[in-house]
Amino acid sequence: MTKHWADFQYEIYLNGMTGAVPRLPTDLTRLEELTEQRLGPGPVGYVAGSAGNGSTARANRAALERRRIVPRMLRDVHERDLSVEVLGRPLPAPLALAPVGVLSIMHPDAEPAAARAAAAQGVPYILSSASSTPMEQVAEAMGDGERWFQLYWAKDREVTKSFLDRAKASGFTALFVTLDTPLLAWRPRDLDQAYLPFLHGVGTANYFSDPAFLAGLAKPVHEDPNAAVMHFVGMFADPAKTWPDLEFLRESWDGPIVLKGVLHPDDARRAVNAGMDGVVVSNHGGRQVAGAVAAADALPRVVEAAGDRLTVFFDSGIRTGDDIFKALALGAEAVLVGRPYAYGLGLDGQAGVEHVIRCLLAELDLTLALSGHSGPASVGAEDLEEEPA
């Protein structure tokens, strides 16, 4: 029998018979405020902060809020099935955990806790290149869980190739290449705290454990950590990369490749021509370009340009189950959620991440049913109305 994610609400109510209430709010939009209260300004600002004055992050939310669901009645929604097939992989729901780096600043259990939570709920976990934990350890923590690897495309080709070889050996099945971070944006919350964890060797675990990276050091990392950090900073990103460089990745990775950070339909067409398998419509959660187009506003045009030639994912602004419904209605095949699970991790470790996943999917399940849908496939643009901006 198909799992009904909505049953989570009855589990909560039944637990209430013994006086137990959820440890975290079920309104996930409250998590950021709680995290602000409990964690230091550096870590919170790094996760919650945005480029410039935060205008793009606000636009992401406004674009989703502006679209309103039009429920339909008297449709049989008794049996629901949220499962989808994405990149050739069967998933229990159209959701994956987005790559978020340096999770050790949120909780000492860091990436392994988030990965275990994803595996426990059956949703994919996308590991950031900038993780606090080497990819092999994260893979081990996940067991057989579906895992994808996010690449920050280093200047050093040998390091990039080594990362891809390690990821493949560790059972990561798809590659997500972040294109929108060739440079770090102007981020006032981090700047005001002078807070960049990488300079303290946090978020560098994949590099400091990589043989190709270590070959470029005069001394082992523990003997000269500052030199290792500066070597990392010098290669972390490469603003000189162009479309023809994708050929190297296509030759070096035999699984699906998804380009993260696509907002213009022409870039989706170029992704097709480069032999890519998917795109993530994303503005990095508003963290890279202040004043940029809202991701949800960019989504329909990218979907149209992609046609059936690319798998289209969506992120940037997802906070609730109805947000996921709206992204699906606008043409996304699956969504990535980032900040909410990072807050859940910071507040309650693995259990906090599982809470976020279950809340999102219970709310999505109920939103689908109450809007007249028994699964993601029947949701479309006709299910939304757009309020004037």
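Residues numbered from 1 in each chain as written. Predicted model: local features only at pLDDT ≥ 70, side-chain atom pairs only at ≥ 80, totals over all residues. Heavy atoms only, no water.

If you look the protein up in an unreviewed UniProt entry, it shows as Oxidoreductase from Streptomyces aurantiacus. In UniProt, the protein has this text filed under Sequence similarities (unreviewed entry): "Belongs to the FMN-dependent alpha-hydroxy acid dehydrogenase family." The heading Cofactor (unreviewed entry) in the UniProt record of the protein holds the text "FMN". (UniProt positions renumbered as here; feature names shortened; annotations may be inferred.)

Draft legend 1. Quick look at the overall build of the protein. Looking only at helices and strands, the protein has 16 helices and twelve strands in total. If you line up the protein on its principal axes, its C-alpha atoms span 70 × 50 × 40 Å. Counting across all 389 residues of the protein, residues that qualify as buried make up 57%. In the protein, the share of contacts with a sequence separation of at least 24, taken over all contacts with a separation of at least 6, comes to 75%. For the protein, the exposed area adds up to about 16,400 Å²; of that, 52% sits on carbon and sulfur atoms. Where the 35 positive side-chain charges of the protein centre and where its 50 negative ones centre are 3 Å apart. (Helix = DSSP H or I, 4+ residues; strand = E, 2+ residues; numbered from the N terminus. Buried < 20%, exposed > 50% of the residue type's maximum accessible area, 1.4 Å probe, protein only. Contact = heavy atoms within 4.5 Å. Areas by Shrake-Rupley, 256 points an atom, 1.4 Å probe, with all protein chains shown as cover. Lys, Arg positive; Asp, Glu negative; His and termini not counted. Charge placed at Lys NZ, Arg CZ, Asp CG, Glu CD.)

Draft legend 2. Up close: the packing of helix α1 (residues 7-15) against helix α16 (residues 339-370). Packing of α1 against α16 brings their axes to within 8 Å, and their N-to-C directions diverge by 120°. The angle between α1 and α16 places the two elements in the oblique class. Touching F8, Q9 and E11 of α1 are H355, R358, C359, A362 and L366, all from α16. Each residue belonging to the contact of α1 with α16 can be placed in one class, and the counts come to four nonpolar, two polar and two charged. (Axes fitted to C-alpha atoms, helices over the stretch in contact; angles between N-to-C directions. Parallel < 35°, antiparallel > 145°, perpendicular 65-115°, else oblique. Nonpolar A, V, L, I, M, F, W, Y, C, P; charged D, E, K, R; others polar.)

Draft legend 3. A look at the pairing of strand β9 (residues 278-281). Alternating residues of β9 divide into G278 and V280 and V279 and V281, and every residue in both groups is buried. Relative to β9, strand β8 (residues 257-262) runs parallel, the two sharing four bridges. Note that in β9 the partner of K260 across the bridge is V280. On the question of chirality, the crossover connecting β8 to the parallel β9 by way of helix α13 (residues 265-273) is right-handed. Note that β9 and strand β10 (residues 311-314) share four bridges and pair parallel. (Pairing = 2+ DSSP bridges. Right-handed = clockwise from strand over helix to strand, strands pointing away.)

Draft legend 4. The arrangement of the UniProt feature "active site" (unreviewed entry) in the protein in detail. Look at the UniProt record and you will see "active site" (unreviewed entry) annotated at H284. Position of H284 relative to the elements: it lies in the loop between β9 and α14 (295-306). According to the relative accessible area criterion, H284 is buried, its value standing at 12%. If we ignore the near neighbours within four places in the chain, the residues touching H284 are Y152, T178, D180, T181, R187, K260 and S316.

Draft legend 5. A look at α16. With 32 residues, α16 extends just 27 Å between its outermost C-alpha atoms, more than 12% less than the 46 Å of an ideal straight helix rising 1.5 Å per residue. Its maximal kink placed at D348, α16 deviates by approximately 145°. Taken across its 32 residues, α16 has 26 buried, putting it largely inside the fold. Immediately downstream of α16, the backbone of G372 shows phi near 95°, a positive value. (Expected span 1.5 Å × (residues − 1). Bend = angle between axes of the 7 residues up to and from the residue.)

Draft legend 6. How the structure looks around the nonpolar core. Counting residues in each nonpolar core, the largest one holds 110 residues, and the members touching the most others are L103, Y125 and F314. Residues within four places of F314 in sequence aside, it is in contact with V280, V281, A295, A296, L299, A327, A332, A334, V335 and L336. Counting 15 residues, the second-largest nonpolar core is a separate cluster that includes L87, L91, A174 and A334. (Core = buried A, V, L, I, M, F, W, Y, C linked by side-chain atoms within 4.5 Å.)

Draft legend 7. A look at the side chain of D383. Within the secondary structure, D383 is located in the loop between α16 and β12 (384-386). A distance of 2.8 Å separates a polar side-chain atom of D383 from the backbone nitrogen of G380. Discounting chain neighbours no more than four positions away, the residues touching D383 are R68, I69, V70, F325, H373 and S378. (Polar contact = N/O pair within 3.5 Å; in protein donor to acceptor, adjacent residues only side chain to side chain.)

Draft legend 8. Spotlight on the side chain of R80. Position of R80 relative to the elements: it lies in the loop between β1 (67-69) and β2 (84-86). Only 3.0 Å separates the side chain of R80 from the backbone oxygen of V77, close enough to count as a polar contact.

Draft legend 9. Expanded view of the pattern of salt bridges. The tally for this structure, following the rule as stated, stands at 21 salt bridges. In this structure, R61 engages D323 in a salt bridge whose closest nitrogen and oxygen atoms are separated by 2.8 Å. Of the two residues, R61 sits in helix α4 (residues 55-66) while D323 sits in helix α15 (residues 321-329), which places them 262 residues apart along the sequence. Between R68 and E65 there is a salt bridge whose closest N-O contact spans 3.6 Å. Classification of E65 as partly exposed rests on a relative accessible area of 40%. (Salt bridge = Lys/Arg side-chain N within 4 Å of Asp/Glu carboxyl O.)

Draft legend 10. Quick peek at the environment of P22. As for its placement among the helices and strands, P22 is situated in the loop between α1 and α2 (31-38). For P22 and I12, which are ten residues apart along the polypeptide, the C-alpha to C-alpha distance reads 7.1 Å. Among all residues touching P22, those that are not within four sequence positions of it are I12 and H355.

Draft legend 11. Region of the structure containing helix α11 (residues 225-235). If you check which residues of α11 are buried, you get A228, V229, F232 and M235. All buried residues of α11 fall inside an arc of 140° around its axis, so they share one side. Among the exposed residues of α11, those oriented more than 90 degrees off its buried face are N226 and M230. The inward-facing, buried residues of α11 contact α7 (157-169), α9 (205-208) and α10 (211-214). (Arc of directions from axis to C-beta.)

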